[in-house]
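Examination of the molecular architecture
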Amino acid sequence: MNFLNLIRWKNLLMIALVQLLVKYAFLESFGVNFGLTTLQILILILATICIAAAGNVINDIYDVETDFVNKPDKIIIGKSISEKTAYNLFIILNVIGVGLGYYLSQSVGRSGFFSIFVIISALLYVYASYLKQTFLIGNIIISLLVALSIIVVGIFELLPVITTENRQTLYTFFKIILDYSVFAFIINLIREISKDIEDIDGDYKAGMRTLPIIIGRERAKNILFFLSLIPLLAVSYYVINSLYKNQIAVIFFLVFIIAPLLYISIKSFNAKTKKDYHHISNILKLVMFFGMLSLLLYSFI
């Protein structure tokens with residue numbers, strides 16, 4: 001169980017679910033033949049979650065000092081699992097992930113795609129060891145990597161089979177995948193800022209330069225509030241302009257995405273305690289989950 005908690009197994013399941021939804025709930029619902037076979041999409045998923053798991057391990061290794069203040073009851077490195085074992089696990093997971101990425105890139109005839117896995121692996125290490133401590137850059141990088149875990153399915157599914165005849169159709173599919181990745185980026189960025197405010201005490205003692213440490217907790221809370229309005233307004237606009245004819249889709253978005261986003265905005269405006277920001281972070285994770293589940297609606301839209 002300590003191993004599963006170390007690699008953040010729930011987050012990895014979310015990544016796997018999203019990639020499966022993009023292929024089978026979204027792309028396959030149109031009955032068009034795309035680039036990846038069932039085996040290949042499973043390899044892509046395994047490669048992605050191995051690299052993501054490695055990123056979670058190295059992140060925990062570098063976070064030991066701050067976690068002693070922020071989350072003393074959740075520390076794994078140095079207690080249940082030694083730092084040496086964690087480093088070995090980090091290397092093994094990276095080798096497996098990047099190796100599978102290389103094999104997959106070769107099997108679809110696009111060897112250049114291999115660089116995606118190398119870049120993600122490198123960025124996760126640089127994020128944990130350096131970028132996480134810098135003003136906003138770390139938040140943006142990790143949010144971009146979350147978005148990339150969605151885009152990568154479109155890259156492997158659509159680009160290898162693109163032709164002059166199907167270019168416009170596949171572009172439309174890729175644009176929708178890109179829209180979902182932008183949604184994931186924004187939600188994760190808001191969540192990262194909320195977590196930084198929650199963890200300000202431990203981060204300050206560790207000498208980190210996060211947003212709330214640089215500009216203060218109150219100003220960071222104001223930024224969190226205004227950022228929370230962006231997905232709320234964007235999703236509302238999308239429902240009004242694109243989904244208004246489909247009752248099932250409208251109800252789903254109102255209940256599971258718009259209402260929680262409105263709640264998050266109100267909660268962000270009134271947040272005061274560490275517990276408040278932790279609660280906001282958890283609700284944002286649920287919004288992300290239901291946002292990705294909305295891919296199932298394409299069978300009805």
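Refer to the structure printed above.
Attention here is on the structure that accompanies the text.

Rules used in this analysis
Residues numbered from 1 in each chain as written. Predicted model: local features only at pLDDT ≥ 70, side-chain atom pairs only at ≥ 80, totals over all residues. Heavy atoms only, no water. Core = buried A, V, L, I, M, F, W, Y, C linked by side-chain atoms within 4.5 Å. Buried < 20%, exposed > 50% of the residue type's maximum accessible area, 1.4 Å probe, protein only. Helix = DSSP H or I, 4+ residues; strand = E, 2+ residues; numbered from the N terminus. Contact = heavy atoms within 4.5 Å. Patch = residues over 30% accessible without salt bridge, like charges linked within 9 Å, V, L, I, M, F, W, Y side chains within 5 Å. Areas by Shrake-Rupley, 256 points an atom, 1.4 Å probe, with all protein chains shown as cover. Salt bridge = Lys/Arg side-chain N within 4 Å of Asp/Glu carboxyl O. Lys, Arg positive; Asp, Glu negative; His and termini not counted. Charge placed at Lys NZ, Arg CZ, Asp CG, Glu CD. Axes fitted to C-alpha atoms, helices over the stretch in contact; angles between N-to-C directions. Parallel < 35°, antiparallel > 145°, perpendicular 65-115°, else oblique. Left-handed = near helix turned anticlockwise from the far one by under 90°. Nonpolar A, V, L, I, M, F, W, Y, C, P; charged D, E, K, R; others polar.

Moving on: the nonpolar core. Counting 99 residues, the largest nonpolar core has Leu 44, Val 57 and Phe 156 as its most contacted members. Of the residues forming this core, the biggest block, 14 residues, is contributed by helix 3 (residues 38-62). Among residues more than four places away in sequence, those in contact with Leu 44 are Gln 19, Leu 36, Leu 104, Phe 117, Val 152, Val 153 and Phe 156.

This next bit is on a positive patch on the surface. There is a patch of like positive charges on the surface, built from Lys 10, Lys 71, Lys 74 and Lys 285. Checked against the element boundaries, Lys 10 lands in helix 2 (residues 9-27). Under the relative-accessibility criterion, Lys 10 is labelled exposed at 59%.

This next bit is on the packing of helix 11 (residues 217-243) against helix 12 (residues 247-270). Remark: helix 11 packs on helix 12, axes separated minimally by 9 Å, with the N-to-C direction vectors making an angle of 165°. Taken as axis vectors, helix 11 and helix 12 run roughly antiparallel relative to one another. Our pair here, helix 11 against helix 12, has a crossing hand that is left-handed. Between helix 11 and helix 12, the contacting residues are Lys 221, Leu 224, Phe 225, Ser 228, Leu 229, Pro 231, Leu 232, Val 235, Ser 236, Tyr 238, Val 239 and Leu 243 on the first element and Ala 249, Val 250, Phe 253, Ile 257, Ile 258, Leu 261, Leu 262, Ile 264, Ser 265, Ser 268 and Phe 269 on the second. Along the lines of polarity and charge, the residues of the contact of helix 11 with helix 12 split into 18 nonpolar, 4 polar and 1 charged.

So yeah, pure geometry; function would need other evidence.
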